Amino acid sequence: MSTDLYKQIFENNRKWVESKLSQDEAFFERLAKEQTPEFLYIGCSDSRVPANVIMGVEPGDVFVHRNVANLVVNTDINAQSVIQYAVEHLHVKHVVVCGHYGCGGIMAAMQPADLGLMNGWLREVRDVYRQHHEALDVLNDEARYRRLVELNVQEQCINIIKTACVQRHWLKHSYPTVHGWVYDLRNGLLKDLELNFAGIMKRIQEIYRLEA
Ligand code: CO
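Residues numbered from 1 in each chain as written. Predicted model: local features only at pLDDT ≥ 70, side-chain atom pairs only at ≥ 80, totals over all residues. Heavy atoms only, no water.

Engineer: Sorry, what's going on with the pattern of salt bridges here?
Structural biologist: Summed over the entire model, instances satisfying the criterion amount to 12 salt bridges. Ionic pairing is found between Lys-20 and Glu-58, a salt bridge with its closest N-O pair at 2.6 Å. Residue Lys-20 is located in helix 1 (residues 3–23), and its partner Glu-58 is located in the loop between helix 3 (51–55) and strand 2 (62–67); the two are separated by 38 residues in the primary sequence. Ionic pairing is found between Glu-88 and Arg-168, a salt bridge with its closest N-O pair at 2.9 Å. Here Glu-88 is found in helix 4 (residues 77–89), whereas its partner Arg-168 is found in helix 9 (residues 164–173), with 80 residues between them in sequence. The class for Arg-168 is partly exposed, based on a relative accessible area of 35%. (Salt bridge = Lys/Arg side-chain N within 4 Å of Asp/Glu carboxyl O. Helix = DSSP H or I, 4+ residues; strand = E, 2+ residues; numbered from the N terminus. Buried < 20%, exposed > 50% of the residue type's maximum accessible area, 1.4 Å probe, protein only.)

Here it is in structure tokens:
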């Protein structure tokens, strides 16, 4: 980042504050009191996929967690804490995993090479590949890459459904619903993978039921 851009950010911020206050003078006062987001968004850290911007929503509307390749790992205390807080305390209605075509993390995982520190993290994506390799191996390179982005989103949604707090909350309140989305860098459009949440939850509970 250039020094100019660094300085510009604080100028941008002041202008943004002015513009928000001119539309709604209680904007910050209200948000400072509490947050009641309806969405938990779990997405990739990629700078080109900013959650609030692509969803067209305001501060306070979406609780966000981002990491490389939008993964939900059972032993990741960071992601698991975010999910638990969002579900049990914020009572979000929807949990979204949003992947994106052109994801560098997915591309890296598709190369059979030593990635150093990233080996452990991206092994999650390689495990998704291994689970679906028969369907993936028949595709050409571009189609395989895009399909792995989608299947990775689907598997991370399943990882969310496996968690005790989501199962407990779902059985008691019939929400949150888990959704898989893919963002396309080339045209800016979001696609809903329209996963069968209730069907997946039923199958998951046959094996992973953590709540009576
Ligand atoms: Co990415």
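Engineer: Any chance you could explain the packing of helix 9 against helix 10 (residues 197–208) here in plain terms?
Structural biologist: A packed helix pair is summarised by two numbers, namely the angle formed by the two axes and the spacing between the axes. Contact geometry for helix 9 and helix 10: axes closest at 12 Å, N-to-C directions at 120 degrees. Regarding the angle of helix 9 to helix 10, the classification is oblique. Both helix 9 and helix 10 take part in a crossing whose hand is left-handed. Here Val-166, Gln-167, Trp-170 and Leu-171 of helix 9 lie close against helix 10, whose contacting residues are Phe-197, Met-201, Ile-204, Gln-205 and Tyr-208. Class assignment for the residues of the contact of helix 9 with helix 10 results in 7 nonpolar, 2 polar and no charged. (Axes fitted to C-alpha atoms, helices over the stretch in contact; angles between N-to-C directions. Parallel < 35°, antiparallel > 145°, perpendicular 65-115°, else oblique. Left-handed = near helix turned anticlockwise from the far one by under 90°. Contact = heavy atoms within 4.5 Å. Nonpolar A, V, L, I, M, F, W, Y, C, P; charged D, E, K, R; others polar.)

Engineer: Sorry if this is basic, but what is going on with helix 4 here?
Structural biologist: Residue pairs three or four apart in sequence face the same way in an α-helix, which turns once every 3.6 residues. The terminal C-alpha atoms of helix 4, which comprises 13 residues, lie 17 Å apart, in line with the 18 Å expected from a rise of 1.5 Å per residue. Along helix 4, the positions that sit buried rather than exposed are Ala-79, Gln-80, Val-82, Ile-83, Ala-86 and Val-87. Here the buried residues of helix 4 occupy an arc of 160 degrees about the axis, which is enough to place them on one side. Residues of helix 4 that are exposed and point more than 90 degrees away from the buried face comprise Ile-77 and His-89. (Expected span 1.5 Å × (residues − 1). Arc of directions from axis to C-beta.)

Engineer: So what exactly am I meant to see when it comes to the domain arrangement of the protein here?
Structural biologist: Interface size is often expressed as the accessible area that is lost when the parts come together. What the domain assignment lists for the protein is domain 1 (1–33) and domain 2 (35–208). The straight-line distance from the C-alpha centre of domain 1 to that of domain 2 is 30 Å. (Domains from an automatic or database assignment.)

Engineer: Help me understand the nonpolar core in this model?
Structural biologist: Inside soluble globular proteins, nonpolar side chains tend to come together where they are buried. Counting 42 residues, the largest nonpolar core has Leu-40, Ile-83, Ile-106, Val-125 and Ile-160 as its most contacted members. Ranked by the residues each element gives to this core, the list is headed by helix 8 (residues 141–161), at 9 residues. Beyond its immediate sequence surroundings of up to four residues, Val-125 is in contact with Ala-69, Leu-71, Ile-106, Ala-109, Leu-148 and Asn-152. One finds Ala-51, Ile-54, Cys-98 and Trp-181 within the second-largest nonpolar core, a separate group that totals 10 residues. (Core = buried A, V, L, I, M, F, W, Y, C linked by side-chain atoms within 4.5 Å.)

Engineer: What am I meant to see in the coordination of the cobalt ion here?
Structural biologist: Octahedral metal centres with six donors ideally show angles of 90 or 180 degrees, and tetrahedral centres with four donors ideally show 109.5 degrees. The cobalt ion binds to the protein through Cys-44 (SG), His-100 (NE2) and Cys-103 (SG), with metal-donor distances spanning 2.0 to 2.3 Å. Mapping the donors of the cobalt ion onto the primary sequence gives the spacing C-x55-H-x2-C. Remark: His-100 occurs in strand 3 (residues 94–101) and Cys-44 occurs in strand 1 (residues 39–44); sequence separation between them is 56 residues. (Donors = N, O, S within 2.8 Å, 3.2 Å for Na, K, Ca; no water.)

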